[in-house]
Each structure stands twice: as structure tokens, then as C-alpha cells.
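Examination of the molecular architecture
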Amino acid sequence: MRIPTRALALGLLALAFSALVLGRAQAGGSHYFAPVADSTVKEECGSCHLAFAPSMLPASSWKRMLADLKNHFGDDASLDPTVAAKITEYLVSNAADTGGRRYGDKLLRGVSATNAPLRITELPKWVKEHRKVPDWEWRHKNVRTKANCAACHTDAERGYYED
Ligand code: HEC
Ligand code: HEC
């Protein structure tokens, strides 16, 4: 009788512990980036690649990018102007230096928001975090491009970027 009760208590304790750790990651860790929650943005910006978290770039970057979707990294990602405006508004209000600040801060270290960088994969902090990733891994057929976050971060869709 006593042993099962104890096992149950330990089980509950373990559960509470993992909930605590998860909660902390969500509350302030640099490894959680709130994923896109808007269905239009998810659809229009998640069809060719992962819908990148708005808190990974400053507001100026999103404005610059959305103003020229016709020349989007060699692709034409043009949208109806009303849709583009709606998406801009969402990305800007959740950007690293506005609503998403809590999460974006660290990734934006060393970046001047006025530079409006267009690539997350060129932010100094991103480059630093990935300096140990060997060349062959980037070229692997399941990866192919640095922008393919989900190939290595299996939980990227949900906003988690542990290795
Ligand atoms: C027609 C396909 C297509 C659509 C739609 C599209 N993109 Fe892209 N996007 C690309 C391509 C191609 C790249 C370059 C990927 C690479 O370097 O491997 C890219 C790269 C990016 C990058 C830079 C990734 C990096 O290297 O850090 C961001 C940010 C981005 N897109 C945001 C968006 C947003 C926001 C939208 C919605 C408005 C969008 N994309 C819609 C094709 C698309
Ligand atoms: C080829 C695999 C690979 C790809 C693709 C990749 N990453 Fe990573 N990423 C890693 C590894 C490995 C680490 C851990 C580095 C370390 O801890 O030394 C890492 C670390 C990180 C971290 C820091 C988290 C931590 O635990 O310190 C963030 C944030 C991150 N990546 C975001 C991204 C984003 C955003 C993309 C896509 C634009 C991306 N990564 C693409 C492999 C990858």
C-alpha cells in the first residue's frame, strides 16, 4: 500500500517539475519565440518556409520586407495591398523591438533597428549561436538552407529553439 502511494507522489512531483521548467522557458528564456498566431500571416508567410516568429526581427525590417514582396529573396511573394498591410501591422506590433521584445531582445543584440536587416540568419547573435554547426550539416539534403529552421529545431513551429 505504501509503495504505490509514494510512486504516485513522485510521479506528480516530476510532472510539476517539468511544468515549472516549461513555464520558465515560456516566460523569459531566449529560446522561445512566440509563433505566428494570426491565420492570414500563417497562411501567406508560411507556405514557402516556416512562418518566422515576428519577434526575430525589428519592426523596421518587417516594414522594409513587406514593402517589396515582389523581390523577396529572389522570389515573387506579392500580395494584395490590403492583405500586405494587415500582415505588416501584425508583424510590426509583435516585432522584437515592440510587442515581442521579451523574446527578441537577445537575438537582436548588436543590431541597429535602423539598419532593418532582412535576414534572421545574418543577425550577429544568430551567426554566433550557429558557429559550431558544421558545413556538411547546412548542406545536408534535409536542411539545404539556413532558413530551414524546422529541419534542426523540430519544435520551431511551436516557438521552441533548443538544440
Ligand atoms: C513564394 C514563396 C515565399 C513566400 C510566399 C514568402 N517567402 Fe519569405 N522567403 C522565401 C525565400 C525563397 C526565402 C529565402 C530562403 C533561403 O535563403 O533559403 C525567404 C526568406 C525569408 C526570410 C529570411 C530568412 C533568413 O534567412 O533569415 C524572412 C524573414 C521571410 N522570408 C519572411 C517572409 C514573410 C514575412 C512572408 C509573408 C509576407 C514571406 N516570407 C513569404 C520565399 C517566400
Ligand atoms: C543545421 C541545423 C540548424 C538549422 C537549419 C538552424 N539551427 Fe538554430 N541551432 C542549431 C544548433 C545545433 C544550435 C545550438 C548551438 C549551441 O548550443 O551551441 C542552434 C541554436 C539556436 C538558437 C539558440 C538556442 C539555444 O539553445 O541556445 C536559436 C534561437 C536558433 N538556433 C534559432 C534558429 C532559427 C530561427 C533558425 C532558422 C532561421 C535556425 N535556428 C536554423 C542548429 C540549426
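Note that the structure is a prediction, hence the values are computed from the model and not measured. (Residues numbered from 1 in each chain as written. Chains lettered and ligands numbered in written order. Predicted model: local features only at pLDDT ≥ 70, side-chain atom pairs only at ≥ 80, totals over all residues. Heavy atoms only, no water.)

**Here we look at the coordination of the iron atom of ligand 1**
Heads up, the condition is: Each metal's donors are the N, O and S atoms found within 2.8 Å of it, except that Na, K and Ca use a 3.2 Å limit; water is left out, so coordination can look incomplete. When four donors show all angles between 85 and 135 degrees the site is tetrahedral, when four or six donors have opposite pairs over 155 degrees and all other angles between 65 and 115 it is square planar or octahedral respectively, and in every other case it is irregular. Only DSSP runs of H or I covering at least 4 residues are called helices, and only runs of E covering at least 2 are called strands; the numbering of each starts at the N terminus. Exposure classes here rest on a 1.4 Å probe applied to the protein chains alone. A residue is buried below 20% of its type maximum, exposed above 50%, and partly exposed in between.
His49 (NE2) and His72 (NE2) make up the full set of protein donors to the iron atom of ligand 1, lying at 2.0 Å. Classification of the site at the iron atom of ligand 1 rests on its six donor atoms, whose angles at the metal span 88 to 180 degrees, yielding the label octahedral. Of this pair, His49 sits in the loop between helix 2 (39-45) and helix 3 (59-66) while His72 sits in the loop between helix 3 and helix 4 (81-93), and the two are 23 residues apart along the sequence. Judged by its relative accessible area of 31%, His49 is partly exposed. Under the relative-accessibility criterion, His72 is labelled buried at 15%.

**Concerning the site of ligand 2**
How we decide: Here, proximity means that at least one heavy atom of the residue falls within 4 Å of the molecule or strand. What qualifies as a polar contact is a pair of N or O atoms within 3.5 Å, subject to a donor-acceptor requirement within protein and to the restriction that residues adjacent in sequence count only when both atoms come from side chains. Each residue gets one of three labels, nonpolar for Ala, Val, Leu, Ile, Met, Phe, Trp, Tyr, Cys and Pro, charged for Asp, Glu, Lys and Arg, and polar for the others, Gly among them.
Not every one of the 18 residues close to ligand 2 is listed here, only the nearest: His130, Cys149, Cys152, His153 and Tyr161. At 2.8 Å, a side-chain N or O of His130 approaches a nitrogen atom of ligand 2. If you list the elements that add at least two residues to the shell around ligand 2, you get helix 6 (124-129), helix 7 (135-139) and helix 8 (149-152). Split into classes, the residues belonging to the shell around ligand 2 amount to nine nonpolar, five polar and four charged.

**Thoughts on the coordination of the iron atom of ligand 2**
Each protein donor to the iron atom of ligand 2 is listed here as His130 (NE2) and His153 (NE2); together their distances run 1.9 to 2.0 Å. The coordination sphere of the iron atom of ligand 2 comprises six donor atoms, whose angles at the metal cover 88 to 179 degrees; the geometry is octahedral. With His130 in the loop between helix 6 and helix 7 and His153 in the segment after helix 8, the pair connects residues that are 23 residues apart, well separated along the chain. Here His130 matches His153 in class, with each residue buried.

**Things to note about the site of ligand 1**
In the neighbourhood of ligand 1, 23 residues make up the surrounding shell, with Cys45, Cys48, His49, His72 and Thr145 lying closest. In the model, an oxygen atom of ligand 1 is placed 2.7 Å from a nitrogen or oxygen of the Thr121 side chain. Contributing elements (two or more residues each) for the shell around ligand 1: helix 2 and helix 3. If you tally residues by element for the shell around ligand 1, the top one is helix 3, at three residues.

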